[in-house]
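Take a look at the letters that make up each chain.
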Amino acid sequence: MQSTFVLAQLHSDGMPEVNLKKAEDAVERAVSLYHPGLMLFPECFMSLFPGKTDRKTRLGTAQALDGPFVTGMRTLAKKYGIWLVFGMNEKVEDPADDRNYNCSVMIDGNGEIVRTYRKTHLYDAFGYRESDEYKPGDALFEPIDTPFGRVGLFVCYEVRFPEVARFERARGADILLVPTSWVKGDLKSHQFRTLVTSRAVENGVYVAACDQCGGAQMGESVVVDPMGVPVSTAGEAEILLPAYIDTDRIAQVRKKVASYEGRRPELYGE
């Protein structure tokens, strides 16, 4: 079975209404050009401020799942009959903790929210502390059956944890979606591609990683097939990146190299 995905590698503004308009324009163009079944947007697509923005401002644009941004994305998905996956800053009222959740939302072609995921492994690395502004989620994403195959999801920094991707594969994932906001830096491009490719090869899955671009973020979104072959790649600029997913390819690769099936969990302490 073949499906078309489009990765919307875009630069997010701090204001959700600006990014909703960008999403509207992107979906309209993608549908016209590529007729995708699913579009993947970056991590924190709803609102992303430059790194030196004060904490109050950064936290202040968060919205609930029934807020105007998600409602607008639901309307957009229904209008075009397309699945949308995107990152947002989710606000949950808690007098004891003003932090948000780094949340990814999956909407089907009927405009319904089918799954949300709160990032569990926060980016406290390279001198930055994501946990200062975000609370960690308490459960990994459970893969979901879609018209395109069984889809799993995790977010950005979590590609550094092979256990997260293996959790998805153990629950039948064929395709892993990875919204990201990967920051530029020494060796970061090399690490990004290496990690995405590794997660694909060791699990026999497609991995689609859609990155923010512009500002501190590097772009370079990529889709890698189960054999580690790049299916589609982007540079540093804004782009709608089409990728063609073939689930028959998954079966072929897993028949050639059954690395997941060949595991010996009793030796690993699993």
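Small disclaimer: the values here were computed from a predicted structure and weren't measured. (Residues numbered from 1 in each chain as written. Predicted model: local features only at pLDDT ≥ 70, side-chain atom pairs only at ≥ 80, totals over all residues. Heavy atoms only, no water.)

Across the sheet, six strands lie side by side as E9-E10-E11-E12-E15-E16; this open sheet has mixed pairing. Either end of the sheet is taken by a strand with one partner, and the two such strands are strand E9 (144-146) and strand E16 (230-233). With strand direction ignored, the average angle separating the axes of adjacent strands in the sheet is 20°. Where strand E15 (residues 222-224) lies against E16, three bridges are found, and the strand directions are antiparallel. (Pairing = 2+ DSSP bridges. Helix = DSSP H or I, 4+ residues; strand = E, 2+ residues; numbered from the N terminus. Axes fitted to C-alpha atoms, helices over the stretch in contact; angles between N-to-C directions.)

Time to look at the pairing of strand E1 (residues 2-9). Judged by how many residues are buried, E1 sits mostly within the fold: seven of eight residues are covered. When E1 meets strand E17 (residues 239-246), the two strands line up antiparallel, connected through eight bridges. Within the sheet, the bridge partner assigned to Leu 7 lies in E17 and is Leu 241. Note that E1 and strand E2 (residues 38-40) share three bridges and pair parallel. If you follow Leu 7 over to E2, its bridge partner there is Leu 40. (Buried < 20%, exposed > 50% of the residue type's maximum accessible area, 1.4 Å probe, protein only.)

Attention shifts here to the packing of helix H1 (residues 16-34) against helix H3 (residues 68-80). Orientation of H1 relative to H3, taken along the N-to-C sense of each, is 10°, at an axis distance of 10 Å. The angle between H1 and H3 falls in the class roughly parallel. Taken together, the residues of H3 that come into contact with H1 (itself represented by Pro 16, Asn 19, Leu 20, Ala 23, Glu 24, Val 27, Glu 28 and Val 31) are Pro 68, Phe 69, Gly 72, Met 73, Leu 76 and Tyr 80. Here the contact of H1 with H3 is built from residues that sort into ten nonpolar, two polar and two charged. (Parallel < 35°, antiparallel > 145°, perpendicular 65-115°, else oblique. Contact = heavy atoms within 4.5 Å. Nonpolar A, V, L, I, M, F, W, Y, C, P; charged D, E, K, R; others polar.)

A full pass over the atoms with the stated rule returns eleven aromatic pairs. Aromatic ring contacts, followed pair by pair, group Tyr 123, Phe 126, Tyr 128, Tyr 157 and Phe 161 into a single cluster. Lying across the ring of Phe 167, Arg 171 places its NZ or CZ 3.6 Å from the centre. In this arrangement the basic side chain of Lys 188 is found over the ring face of Phe 126, its NZ or CZ atom lying 4.9 Å from the centre. (Phe/Tyr/Trp six-rings, centres within 6.5 Å; stacked < 30°, edge-to-face > 60°. Lys NZ or Arg CZ within 6 Å of the ring centre and 35° of its normal.)

Attention now goes to the pattern of salt bridges. Summed over the entire model, instances satisfying the criterion amount to 19 salt bridges. Across the pair Lys 21 and Asp 25 runs a salt bridge, and its minimum N-O distance is 2.9 Å. Here the residue Lys 21 and the residue Asp 25 both occupy positions in helix H1, the gap between them amounting to four residues, near one helical turn. Relative accessible area serves as the criterion here: at 43%, Lys 21 is assigned to the partly exposed category. Classification of Asp 25 as partly exposed rests on a relative accessible area of 32%. Taking the shortest distance from any N to any O, the salt bridge between Glu 130 and Lys 119 comes out at 3.0 Å. (Salt bridge = Lys/Arg side-chain N within 4 Å of Asp/Glu carboxyl O.)

Once that is clear, we can look at helix H4 (residues 162-170). Those residues of H4 that fall on the buried side of the exposure criterion are Val 164, Ala 165, Phe 167, Glu 168 and Arg 169. Contacts made by the buried residues of H4 are with strand E10 (149-153), strand E11 (175-180), helix H5 (188-203) and helix H6 (247-256).

It is worth spelling out the pairing of E11 at this point. Along any regular strand, the residues point their side chains to alternate faces of the sheet. Counting buried positions along E11 gives six out of six residues, so the element sits mostly inside the fold. Side-chain alternation along E11 places Ile 175, Leu 177 and Pro 179 on one buried face and Leu 176, Val 178 and Thr 180 on a second face that is also buried. Relative to E11, E10 runs parallel, the two being bridged by three bridges. Looking across to E11, one finds that Gly 152 is bridged to Leu 176. After leaving E10, the chain enters H4 and then returns to the sheet as E11, a path that is right-handed. (Right-handed = clockwise from strand over helix to strand, strands pointing away.)

Located in the positive-phi region is Phe 126, a residue other than glycine, with phi close to 50°. Along the chain, the position of Phe 126 falls in the loop between strand E6 (124-125) and strand E7 (128-129). Its relative accessible area of 55% is what places Phe 126 among the exposed residues.

Below, the discussion takes up the side chain of Gln 63. Inspection of the secondary structure puts Gln 63 in the loop between helix H2 (55-60) and H3. Its relative accessible area of 14% is what places Gln 63 among the buried residues. In this structure the side chain of Gln 63 is engaged in a polar contact, spanning 2.9 Å, whose partner is the backbone nitrogen of Phe 69. For Gln 63, the residues in contact, after removing those within four places along its chain, are Pro 16, Met 46, Pro 68, Phe 69, Met 88, Asn 89, Glu 90 and Lys 91. (Polar contact = N/O pair within 3.5 Å; in protein donor to acceptor, adjacent residues only side chain to side chain.)

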